[in-house]
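Chain by chain, the residues run as shown.
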Amino acid sequence: MVVRSLTGNYAVAYAVKLARVQVVSAYPITPQTTIVEKLSEMIEKGELKAKMVRVESEHSALATVFGAASGGARAFTATSSHGLLYMHEVVWWAAGSRIPLVMAVVARSIGPPWNIHVDHQDIFDQRDTGWIIGVAQENQEVLDMTLQAFRISEDPRVYLPVMVGLDGFILSHTRAPVDVPDQDLVDEWLPPRRQPYVISPETNVVMGNIAPDEVHYLMRYSMHEAMERAKRVIEEVDRSYAEVFGRSYGGLIECYKCDDADILVVITGSWSGDAKHAADRLRSIGINVGVARVRFIRPWPRERLVEIARDKKLVIVFDRAVSMGSLGPLFMEVSSTLYPYGTSLAGVIAGLAGVDVSYEDFERAIKTLVSKLEEQGRLYIPQFWLFPEGFESEEKRLEVARKWL
Amino acid sequence: MTVQPRIVRGEGFFLAPISRPAEGSIGKTGTWRTMRPVVDLEKCTGCYVCWLYCPENTIVKTGDGKVAIDYDYCKGCGVCAEVCPFKAIRMVEEG
Amino acid sequence: MAVNLKALPDKKYIMPGNASCPGCPESMGLRYVKMALGDNVVLVIPAGCSSVIQGIAPRSGINTPILNIVFAAGASAASGLKAAYEMLGKDYHVVVWAGDGGTGDIGFQALSGAAERDEDIIYICVDNEAYMNTGIQRSSLTPYGAWTTTTWTGKKEHKKNVPIILVSHGVKYVATATVGYPTDFIEKLRRASKIKGFRYIHLLAPCPVGWRFDPSLTARIGQLAVKTGLYPLFEYVNGKFRLSPIGRRYKDPKNRLPIIEYLKLQGRYKHLLDKPEEIKKIEEYIENTWHLIDALEKSFSKGGGEKIYKAL
């Protein structure tokens with residue numbers, strides 16, 4: 001075990017190397033680029049025995065690693081934002097084929113206008129596809145989650161591809177000390193690749209030709225069942241990883257001081273760290289805040305969330321994305337999960353387009369909502385757009401817009 | 001050549017979009033015909049040009065140097081009749 | 001390396017009872033792929049007629065392992081599949097079987113990328129000159145004057161010359177073939193299979209439904225395309241360009257059949273038959289094509305060819 005100073009992107013690259021990936025293919029897009037650059041270096045220096053296919057687009061990148069995976073190799077790609085949208089068709093195709101695969105998504109907002117900073121629109125846009133979607137908070141977790149992704153994806157109870165999300169620039173380009181596990185330990189812990197079938201002259205199978213509607217429906221149901229089983233597999237993998245490597249994150253949801261909390265924040269991504277800090281500060285002035293950091297948005301950890309959140313006085317969801325024309329996607333999941341329990345709910349939209357949200361912003365928002373709760377006794381605020389100080393009123397916003405124009 | 005579903009460690013159901021090569025993947029295509037090819041075994045020299053061109057692989061080489069038609073699946077396109085160098089195949093109305 | 005018809009393997013490479021139309025050239029072509037390459041073949045099939053020809057799961061009408069893939073990703077999925085086999089120490093032929101849409105239009109980018117990277121795959125464009133699977137809409141490989149459901153008065157542009165585009169990608173092997181001459185196609189496949197790197201074969205596939213002719217004429221029309229000089233058969237190998245023996249004589253205009261022999265058999269050219277100026281345009285196109293072939297032959301002959309090839 002070596003502790004290195006790694007950016008989130010390099011953490012991904014080291015995990016891919018430890019997993020002994022055999023085929024890598026990706027197309028550069030900020031802020032994913034250094035993942036692939038590092039992997040190229042590792043391959044060319046002989047540190048990783050793999051083939052790098054330098055394709056001409058993201059659509060081709062995912063098609064290439066998918067092709068490689070269906071041929072029997074462990075394969076990997078990474079992308080962001082527009083690249084992820086470009087390969088969206090292949091994202092569905094890969095999931096439906098039930099071939100295990102791992103992809104890193106460096107979260108970045110979607111244009112126009114062009115913007116390379118973080119928000120979660122690109123990741124949440126993939127919810128329906130059938131991929132297992134994990135989102136990390138910090139670089140150590142990025143490495144651990146990426147390693148775990150291979151084991152989760154290749155588990156016969158799952159056989160679904162896994163996306164590992166990390167925030168653009170905040171994690172991808174910022175260095176932190178990361179414990180890089182030993183290769184021999186990883187070799188013991190991560191079994192050799194398994195997949196439900198291989199395309200080869202020996203098996204003579206055909207993947208994907210037309211099926212009767214009822215059978216296709218059953219195939220979809222089979223994916224659904226696999227997603228349900230995946231919840232257990234993710235928890236198992238988290239525990240097994242802790243036994244061997246000494247680190248656990250709590251499985252599907254990381255529960256930060258949430259057992260005795262009155263107010264629960266539900267959130268995902270790197271800004272969870274700021275939310276946790278705000279929670280600590282609020283506790284010191286008597287507001288009992290806890291943070292439920294959702295690590296896997298798919299499969300949605302419904303049962304675990306109910307366990308944690310059902311009896312809280314108020315659940316505040318922070319969304320770094322919005323389903324335009326409706327609510328924040330995380331809020332929609334949480335509210336439909338907690339509906340039977342009548343919990344007070346608030347959905348905050350913040351941090352879109354890379355706008356920084358500090359722990360003070362979190363504090364302010366939570367305090368405002370808590371006082372509203374005290375006034376009204378019960379609360380249901382499905383959408384509350386959080387603006388930085390100075391932007392709260394309509395006039396102020398118009399002023400800013402006019403000045404900018 | 002059955003394909004899954006199978007039970008995964010007693011926990012349910014796995015069905016992937018997998019197929020295997022088999023005859024009749026759309027049914028008995030012989031029913032599509034309006035004309036059928038008939039081989040005149042006297043004229044047939046066993047050159048196998050018809051076998052080469054048949055899009056359906058429904059012309060079979062018989063053991064004795066001639067050809068026969070698999071009428072279960074022959075779609076009656078008529079390519080065999082058209083390419084036979086000896087005009088040994090006639091297209092006859094079905095029915 | 002002539003092909004002995006009697007020595008060709010007699011296995012069922014196309015399964016009877018598949019979903020192709022009667023007289024389908026794609027079914028014909030698929031039989032020849034395995035006849036030429038043997039059993040060590042894996043097909044990658046982007047969306048197109050051949051996706052549907054496989055019939056309904058759990059059966060497949062094509063007797064090869066197939067990775068069906070989304071429309072634009074034929075060449076890239078094949079690149080990945082080949083990379084996997086290389087890493088696993090397997091020596092299989094990975095063959096892309098794409099239509100003209102999946103090659104010249106939506107799949108063009110991936111094709112160009114794979115060719116530029118010299119991926120070790122065989123790419124076969126089975127060209128039925130329109131988006132047949134979705135209902136005969138025009139593609140960039142639809143020829144001048146042809147009726148399609150999106151060019152009711154005939155296509156105004158000439159056919160995109162994809163084989164020549166691949167030549168200028170500097171790949172090791174480019175060939176044209178047609179289902180009208182299966183032994184020529186098989187020979188080319190066999191030669192290609194012995195080369196490492198990106199290999200491209202353009203297979204002209206006359207479609208009875210889209211071209212509007214009697215299904216029995218599929219092979220005949222493929223041959224006529226060559227005999228009228230409209231579709232030159234050539235092979236470009238490691239910088240050397242040569243016309244194929246079967247089609248060589250049609251270099252001389254005196255040996256060519258009049259183009260009307262080809263056009264009059266196809267309903268998609270019906271509206272041209274009484275327009276001599278249009279037919280003249282097609283005749284000019286044939287002339288111009290042979291000028292291009294002539295130039296390629298001269299440039300890519302012994303000596304000079306290698307230098308040009310290395311510049312591509």
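So, how was this worked out
- Residues numbered from 1 in each chain as written.
- Chains lettered and ligands numbered in written order.
- Predicted model: local features only at pLDDT ≥ 70, side-chain atom pairs only at ≥ 80, totals over all residues.
- Pairing = 2+ DSSP bridges.
- Helix = DSSP H or I, 4+ residues; strand = E, 2+ residues; numbered from the N terminus.
- Axes fitted to C-alpha atoms, helices over the stretch in contact; angles between N-to-C directions.
- Contact = placed C-beta atoms within 7 Å.
- Core = buried A, V, L, I, M, F, W, Y, C linked by C-beta atoms within 7 Å.
- Buried ≥ 20, exposed ≤ 12 C-beta atoms within 10 Å, placed from the backbone.
- Domains from an automatic or database assignment.
- Parallel < 35°, antiparallel > 145°, perpendicular 65-115°, else oblique.
- Left-handed = near helix turned anticlockwise from the far one by under 90°.
- Nonpolar A, V, L, I, M, F, W, Y, C, P; charged D, E, K, R; others polar.

(A) The arrangement of the sheet that holds strand S16 (residues 380-385) of chain A in detail. Residues and elements named next belong to chain A. As summarised here, the arrangement of the six strands in space is S10-S12-S11-S14-S15-S16, forming an open sheet in which the pairing is mixed. The open sheet has two free edges, formed respectively by strand S10 (253-256) and S16, since each of these has just one partner strand. Neighbour-to-neighbour, the strand axes of this sheet turn through a mean angle of 20 degrees, independent of strand direction. Inspection of the sheet shows strand S14 (residues 314-319) paired to strand S15 (residues 344-349) by six bridges, in the parallel sense. When the bridges of S15 are listed, leucine 314 appears paired with serine 344. Sheet contacts for helix H13 (residues 359-376): strand S11 (263-267), strand S12 (289-294), S14 and S15; angle to S14, the most-contacted strand, approximately 145 degrees.

(B) Local environment of the interface of chain C and chain A. Taken residue by residue, the interface counts 37 residues in chain C and 39 residues in chain A. The set of elements that each furnish at least two residues to the side of chain C that touches chain A consists of strand S1 (41-46), helix H2 (49-53), strand S3 (66-69), helix H3 (74-87) and helix H5 (108-116) of chain C. The element contributing the most residues to the side of chain C that touches chain A is H3(C), with eleven residues. The pairing of strand S9 (residues 206-207) of chain A with S3(C) spans two bridges and is parallel. Note that in S3(C) the partner of Val206(A) across the bridge is Ile66(C).

(C) Representation of the nonpolar core in the model. By size, the foremost hydrophobic cluster in this structure holds 261 residues, and its most contacted members are Val23(A), Ile316(A) and Leu81(C). Formed jointly, this core draws a minimum of three residues from each of two domains, domain 1 (2-245) and domain 2 (253-394) of chain A. In this view, Val23(A) contacts Ala50(A), Lys51(A), Val53(A), Val65(A), Ala68(A), Ala73(A), Ala75(A), Gly80(C), Ala83(C), Ala84(C) and Met87(C); residues no more than four positions away in its chain are not counted.

(D) View of the sheet that holds strand S8 (residues 234-237) of chain C. Pairing in this open sheet of eleven strands is mixed, and the strands run S2(C)-S3(B)-S9(A)-S3(C)-S1(C)-S4(C)-S5(C)-S7(C)-S6(C)-S8(C)-S9(C) from one edge to the other. Of all the strands in the sheet, the pair left with one neighbour each is strand S2 (59-60) and strand S9 (240-243) of chain C. As defined by bridge partners, strand S6 (residues 173-178) of chain C adjoins strand S7 (residues 199-204) of chain C across six bridges and the pair is classed as parallel. In the strand pairing of S7(C), Tyr173(C) is matched with Arg199(C). Against the sheet, helix H1 (residues 25-37) of chain C contacts S1, strand S4 (93-99), strand S5 (122-127) and S7 of chain C, and its axis sits at roughly 155 degrees relative to S1(C).

(E) Summary view of the packing of helix H3 (residues 58-70) of chain A against helix H5 (residues 88-97) of chain A. All names here are of chain A. Contact geometry for H3 and H5: axes closest at 9 Å, N-to-C directions at 15 degrees. Judged by the angle between their axes, H3 and H5 are roughly parallel. Between H3 and H5 lies a crossing whose hand is left-handed. Residues His59, Leu62, Ala63, Phe66 and Ser70 of H3 touch H5, and the partners they reach there are Val90, Val91, Ala94 and Ser97. Of the residues in the contact of H3 with H5, the class split is six nonpolar, three polar and no charged.

(F) Molecular detail of unusual backbone geometry. Cis rather than trans, the peptide bond between Thr30(A) and Pro31(A) has omega equal to 0 degrees. The residue Pro31(A) is located in the loop between strand S2 (23-25) and helix H2 (33-44) in this model. The backbone of Lys257(A) shows a phi angle near 50 degrees, a positive value even though the residue is not glycine. On the secondary structure map, Lys257(A) appears in the loop between S10 and S11. Despite not being glycine, Lys87(B) shows a phi value in the positive range, around 50 degrees. Inspection of the secondary structure puts Lys87(B) in the loop between helix H2 (79-83) and strand S7 (89-93). A count of 10 C-beta atoms within 10 Å places Lys87(B) in the exposed class.

(G) Spatial organisation of the environment of Ser393(A). Tracing the chain through its elements places Ser393(A) in the loop between S16 and helix H14 (394-404). Expressed as a C-alpha distance, the spacing of Ser393(A) and Tyr380(A), which sit 13 residues apart in the sequence, is 22 Å.

(H) Representation of the domain arrangement of chain A in the model. Residues and elements named next belong to chain A. Once the domains are mapped, chain A shows domain 1 (2-245) and domain 2 (253-394). The gap between the C-alpha centroids of domain 1 and domain 2 is 28 Å. Every contact between the two is made by 24 residues of domain 1 and, on the other side, 19 residues of domain 2. Taken together, the elements giving at least two residues each to the side of domain 1 that touches domain 2 come down to helix H6 (121-124), strand S6 (132-135) and helix H9 (213-245). The biggest single contributor to the side of domain 1 that touches domain 2 is H9, with five residues.

(I) A look at the pairing of strand S5 (residues 102-107) of chain A. Residue and element names in this part refer to chain A. Here S5 lies mainly inside the structure; six of its six residues are buried. Taking every second residue as pointing to the same face, both faces of S5 are buried, with Val102, Ala104 and Val106 on one and Met103, Val105 and Ala107 on the other. Across four bridges, the pairing between strand S4 (residues 75-79) and S5 is parallel. Of the residues in S5, the one forming a bridge with threonine 79 is valine 105. The pairing of S5 with strand S7 (residues 162-167) spans six bridges and is classified as parallel. Its bridge partner being in S7, alanine 107 is matched across the sheet by aspartate 167.

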